[in-house]
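Residues per chain are reported as follows:
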Amino acid sequence: MGTATLLKTTLVLPRTETQQVVSRLAELEWFHPLQHASEYVNPYYDDLLLKAQRLFQEIDDVVKALGVPLETGVMDTMFKGAPKAQTSYEIEDIQGFIVDLEGRSTTLLNEPKKILLEQSQVSKQLEEYRTIALTLEMAAELNLDLRIFSKLKIFYAATFIIENNDQEEIKKSLGDLSMQIVKLNEHKSALVILGSADNDADRMIKVLRSFGVHPLQVPSNMPQNPHLAYAESKAKIKELEKQSTELGKKVEKLKSSLTTKLLSLHEASQVAKDVLEATRKPGGTKNFAMIQGFIPVQMENKFKSLTSDYVSVMDDQHSTAHESHTEDHIEKLPTLLRNKKYIRTFEIITETQGLPNYDERDPTPIIAFVWPLFYGLMFADLGHGILLFGLGMLFKYRGNGSLTTWGTLIAASGAAAAIAGLGTGELFGFHATELPILAPIAEQLGFVGMLSVSELTFEEVVKILEISIAIGVVHILLAFFLRLWADIKKHDKMMVLYHDIPTIVQYFAVVSLILAAIGSGYDIIGMFGITGVTHNEPVPWLTVVFGDWVTVDLVAKAAPLVIIGTVITMIIGGMKEEKHLKKLGRDEGGGLVGIVVETIMVRIIEMLSNTISYSRLGIMLLVHAALLVTVIDSFESLGSTGGGYAVLIGGNIGIMLIEGLIVYIQTIRLHLYEWFPKWYIGEGIDFRRLVPKMLNSKFVWRTRTIDHSLDNNRVEARRGTREPILGSS
């Protein structure tokens with residue numbers, strides 16, 4: 001688990017052989033290329049890239065035209081399932097692979113392109129005839145052959161469709177011309193005007209244009225009688241609509257039968273294009289190219305085997321990573337996470353804050369444990385948890401791509417909610433211990449219903465909130481210790497001595513005061529001896545751990561002194577840090593006043609607010625229970641009727657949908673706002689594999705391979721087989 005150790009590789013080769021080396025790096029797959037563009041080009045390589053780009057564009061156009069989704073949606077996954085089949089491509093080199101893809105695309109795309117072209121032509125004709133029909137609709141009753149107007153030489157005549165309200169105004173403007181008006185309906189009329197071709201034609205058109213009217217024209221390929229032309233256009237529209245429907249059915253049939261093959265071809269062509277684009281114009285000289293990148297240390301032998309014909313240099317980046325903290329490093333190292341299959345699911349939560357830097361601790365394994373714990377506590381119900389688990393498993397096994405990852409996350413959250421539901425004894429709002437079927441099982445298990453949240457008594461509420469705060473204290477302390485570990489690893493003595501250790505000690509003191517306040521019965525002022533009362537009560541948790549000598553009075557006297565001491569230490573550290581920054585020319589501090597305000601006001605208040613924020617774990621649990629109590633009460637008041645069962649089922653579904661989302665938001669908030677900022681930087685660069693993980697395609701390289709693996713889950717290299725060198729990741 002954690003991040004993979006990387007090697008920086010440099011390959012020197014004749015520029016004319018760039019495409020051969022790229023083929024070998026593509027076979028390796030686990031290669032993160034560095035972009036060092038050069039002014040020198042390889043014409044053959046550029047031609048190959050252009051061919052790959054054209055091929056991908058052609059396939060992409062067909063995929064988009066058919067409406068084939070690149071990833072199956074949620075609803076389709078639930079009811080139909082995502083396509084699982086993968087097409088295997090036997091590859092010797094990248095050039096041959098592109099030729100193979102061209103042959104496959106020609107065969108596969110011939111019929112879809114033909115039908116899509118025909119569909120496009122029919123759609124275009126249909127749009128044209130609909131426009132014609134719309135234009136002639138008002139003149140459909142005009143049984144007049146317009147060809148007679150074109151035969152006139154001395155005179156100019158034209159037909160216009162005008163508004164009835166505009167007749168008088170037009171007559172006034174063109175009163176000296178001969179005109180005939182035929183009423184078509186209560187809103188429109190046909191106006192036929194006759195005038196001199198030399199003197200009246202321009203005036204006639206300008207006047208009618210001012211009313212937004214143009215001469216009536218019928219396409220030359222149709223009867224010039226508006227009545228007949230309209231009838232023909234309507235008949236043509238009906239015919240074209242029938243053709244369009246038939247072609248639509250053919251497209252859907254093709255889409256259904258070719259989806260898997262099209263997705264594979266689209267994915268494979270995109271990978272070929274991206275590989276060539278990522279390695280185009282490598283650095284170097286006119287005749288020699290230099291390709292640089294990073295590989296996992298576990299792939300060293302395989303890399304040497306694949307590139308043995310060329311000069312290669314490898315540098316261990318482990319020591320270099322530490323230097324980047326103290327000085328500006330030219331190249332920021334990428335991050336390759338190496339988590340097991342289940343833990344890998346929670347990388348999507350880590351990525352919301354950003355990938356860890358190369359030498360930074362990966363928080364994913366911790367999140368993989370804490371996330372289900374938080375979600376389960378806030379959403380504790382056996383029935384809801386089982387349904388959520390089932391939904392997650394449905395997405396996991398019927399989906400593909402990112403949806404399978406989310407499916408695992410949902411399933412883990414649901415399983416945790418179901419386990420927590422056993423602890424609360426809740427099943428869709430009913431008490432498991434009171435149900436005849438489950439009561440014997442609950443008695444045998446013993447722990448079922450040990451936390452009765454549905455009773456909502458004061459004692460239970462306080463207990464739940466105390467447990468929530470205790471979990472928050474542990475979670476925050478974990479963050480502080482992770483920060484301490486990181487600074488020790490960086491050999492940053494100033495941060496360790498003046499910030500990390502004092503912060504941990506101060507937080508212990510603050511938490512001790514909170515516990516002492518609880519132990520004193522919330523007599524916050526009196527526990528300091530101001531009122532003359534000595535509180536010798538035990539302190540929750542502390543007295544149990546350290547013994548009876550730890551009392552409220554002792555903690556109330558000692559903790560403030562500890563807090564004052566840590567505050568002074570951090571102020572001294574802040575002044576030293578500001579002085580150091582001034583020497584470096586980076587005076588960004590607020591002076592002594594700023595340091596004092598930040599140390600006393602900001603950090604201590606922040607500790608308190610962060611700790612109290614974890615009470616949302618218990619609050620959401622109580623809200624969940626209260627909503628279910630309301631639903632059950634409504635059901636019992638209505639009895640075993642249709643309305644009662646509708647309230648029971650609808651209420652549970654509504655709670656699952658709304659509160660399930662709210663609990664997700666609260667869980668991620670506790671990580672993003674309370675935990676991550678205390679120790680995590682998260683400014684890492686993703687390790688970009690030259691050949692990414694593919695959903696619909698599988699590459700089988702017909703070249704020499706040797707047995708090396710990145711880890712048991714992510715790499716499978718086999719000698720003498722045609723199976724993929726890299727497995728799922």
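Calculation rules
- Residues numbered from 1 in each chain as written.
- Predicted model: local features only at pLDDT ≥ 70, side-chain atom pairs only at ≥ 80, totals over all residues.
- Heavy atoms only, no water.
- Helix = DSSP H or I, 4+ residues; strand = E, 2+ residues; numbered from the N terminus.
- Rg over C-alpha atoms; globule rule 2.2 N^0.38 Å.
- Buried < 20%, exposed > 50% of the residue type's maximum accessible area, 1.4 Å probe, protein only.
- Contact = heavy atoms within 4.5 Å.
- Areas by Shrake-Rupley, 256 points an atom, 1.4 Å probe, with all protein chains shown as cover.
- Lys, Arg positive; Asp, Glu negative; His and termini not counted.
- Charge placed at Lys NZ, Arg CZ, Asp CG, Glu CD.
- Patch = residues over 30% accessible without salt bridge, like charges linked within 9 Å, V, L, I, M, F, W, Y side chains within 5 Å.
- Salt bridge = Lys/Arg side-chain N within 4 Å of Asp/Glu carboxyl O.
- Phe/Tyr/Trp six-rings, centres within 6.5 Å; stacked < 30°, edge-to-face > 60°.
- Expected span 1.5 Å × (residues − 1).
- Bend = angle between axes of the 7 residues up to and from the residue.
- Core = buried A, V, L, I, M, F, W, Y, C linked by side-chain atoms within 4.5 Å.
- Pairing = 2+ DSSP bridges.
- Axes fitted to C-alpha atoms, helices over the stretch in contact; angles between N-to-C directions.
- Parallel < 35°, antiparallel > 145°, perpendicular 65-115°, else oblique.
- Nonpolar A, V, L, I, M, F, W, Y, C, P; charged D, E, K, R; others polar.
- pLDDT = per-residue confidence, 0-100.

(A) Focus on the overall build of the protein chain. Each helix and strand counted, the protein chain has 23 helices and 14 strands in total. Expected size for 729 residues packed as a compact globule is a radius of gyration near 27 Å; at 38 Å, the protein chain overshoots this value by more than 25%. Taking the principal axes of its C-alpha atoms as reference, the protein chain extends roughly 120 × 80 × 65 Å. Relative to its full complement of 729 residues, the protein chain shows a buried share of 45%. Counting only contacts in the protein chain whose residues sit at least 6 apart along the sequence, the fraction spanning at least 24 positions is 78%. With the model as given, the accessible surface of the protein chain reaches about 37,200 Å², and the carbon-plus-sulfur share is 58%. Taking the average place of the 71 positive charges on the side chains of the protein chain and the average place of its 84 negative ones, the gap between the two points comes to 7 Å.

(B) A nonpolar patch on the surface, seen in detail. There is a patch of nonpolar side chains on the surface, built from Val593, Val597, Ile600, Met601, Val602 and Ile605 and spanning about 520 Å² of accessible area. Relative to the helices and strands, Val593 is located in helix H21 (residues 591–613). Under the relative-accessibility criterion, Val593 is labelled exposed at 63%.

(C) Seen up close, the packing of aromatic side chains. Scanning the model with the defined rule gives 15 aromatic pairs in all. Here the aromatic cluster, defined as three or more aromatic residues joined through ring pairs, consists of Trp675, Phe676, Trp679 and Tyr680.

(D) Region of interest: H21. Over its 23 residues, H21 extends 31 Å from the first C-alpha to the last, a length consistent with the 33 Å expected when each residue adds 1.5 Å. Most pronounced at Glu598, the bend in H21 amounts to some 35 degrees. Buried within H21 are the following residues: Ile595, Thr599, Ile604, Met607, Asn610, Thr611 and Ser613. In this structure, the buried residues of H21 make contact with helix H17 (458–489), helix H18 (493–519), helix H20 (552–583), helix H22 (616–638) and helix H23 (642–675).

(E) Expanded view of the nonpolar core. In this structure, Phe97 and Phe699 are the most contacted members of the largest nonpolar core, which totals 86 residues. With 17 residues, the top contributor of residues to this core is helix H8 (residues 226–278). Dropping the residues within four chain positions of it, Phe97 is found in contact with Tyr89, Ile91, Ala268, Ala272 and Phe699.

(F) Here's a closer look at the pairing of strand S8 (residues 288–296). In terms of burial, S8 is largely enclosed, as seven of its nine residues are buried. Pairing of strand S1 (residues 6–14) with S8 involves nine bridges; the strand directions are antiparallel. The residue of S8 that forms the bridge with Thr9 is Gly293. Examined bridge by bridge, strand S2 (residues 32–33) and S8 share two bridges and lie antiparallel to one another. Within S8, the residue paired with His32 across the bridge is Phe294. For strand S7 (residues 283–284) and S8, the ladder comprises two bridges, and the chain directions are antiparallel. The residue bridging Gly283 from the neighbouring strand is Met290, located in S8. Linking S7 back to S8 in an antiparallel pair, the connection comprises three residues.

(G) Inspection of the packing of H17 against H18 at higher detail. Here H17 crosses H18 at 170 degrees, and the two axes come no closer than 9 Å. Between H17 and H18, the angle is such that the two are roughly antiparallel. Seen from H17, the contacting residues are Glu466, Gly472, Val473, Ile476, Leu477, Phe480, Phe481, Arg483, Leu484, Asp487 and Ile488; seen from H18, they are Met495, Val496, His499, Asp500, Ile501, Thr503, Ile504, Tyr507, Phe508, Val511 and Ile518. A class-by-class count of the residues in the contact of H17 with H18 yields 15 nonpolar, three polar and four charged.

(H) Structural context of the sheet that holds strand S5 (residues 178–183). Taken in spatial order, the three strands of this open sheet run S4-S6-S5, and their pairing is antiparallel. In this open sheet, the two edge strands, each paired with only one partner strand, are strand S4 (155–163) and S5. For this sheet the average axis-to-axis angle between neighbouring strands, irrespective of direction, equals 15 degrees. Pairing analysis gives six bridges linking S5 to strand S6 (residues 188–196), with the strands arranged antiparallel. Counterpart to Gln180 in the pairing with S6 is Val192.

(I) Structural context of the packing of helix H13 (residues 364–378) against H22. Two numbers describe how H13 lies on H22: the axes approach to 7 Å, and their chain directions differ by 40 degrees. By the criterion of interaxial angle, the relationship of H13 to H22 is oblique. In contact with Phe374, Leu377 and Met378 of H13, H22 contributes Arg616, Leu617, Met620, Leu621 and His624. Looking at the contact of H13 with H22 residue by residue, the class counts come to six nonpolar, one polar and one charged.

(J) Expanded view of the pattern of salt bridges. A complete count under the given rule lists 20 salt bridges for this structure. The partner of Lys64 in a salt bridge is Asp60, and the shortest N-O contact between them spans 3.1 Å. Of this pair, Lys64 and Asp60 are both found in helix H2 (residues 43–66), four residues apart, which corresponds to roughly one turn of the helix. Here Arg104 ties to Asp100 by a salt bridge, and the two come within 3.1 Å at their closest N and O atoms. Taken together, the residues Arg104 and Asp100, both in helix H4 (residues 94–136) and four residues apart, mark about one turn of the helix.

(K) Region of the structure containing the confidence of the model for the protein chain. Residue-level pLDDT values for the protein chain average 85, and 90% of them are 70 or greater. By mean pLDDT, helix H10 (residues 318–323) is the weakest element of the protein chain at 47, and H13 is the strongest at 95. Predicted confidence for residues 319–330 stays below pLDDT 50, and this span has nine contacts to residues more than four positions away or in other chains. Below pLDDT 50 for its whole length, residues 705–729 participates in 72 contacts with residues either more than four positions away or in separate chains.

(L) A look at the side chain of Gln666. Turning to its location among the elements, Gln666 is positioned in helix H23. Beyond its immediate sequence surroundings of up to four residues, Gln666 is in contact with Met378, Arg616 and Met620.

(M) Summary view of the side chain of Ser233. Tracing the backbone through its elements, the reader meets Ser233 in helix H8. Here Ser233 is in contact with Tyr129, Ile132, Ala133 and Met222, once residues within four sequence places are set aside.

(N) Just unusual backbone geometry, in detail. Phi at Lys281 is positive, roughly 50 degrees, even though this residue is not glycine. Within the secondary structure, Lys281 is located in the loop between H8 and S7. The backbone of Phe428 sits at a positive phi, close to 55 degrees, despite the residue not being glycine. Among the secondary structure elements, Phe428 is positioned in the loop between strand S11 (426–427) and strand S12 (430–431). Given a relative accessible area of 28%, Phe428 falls into the partly exposed group.

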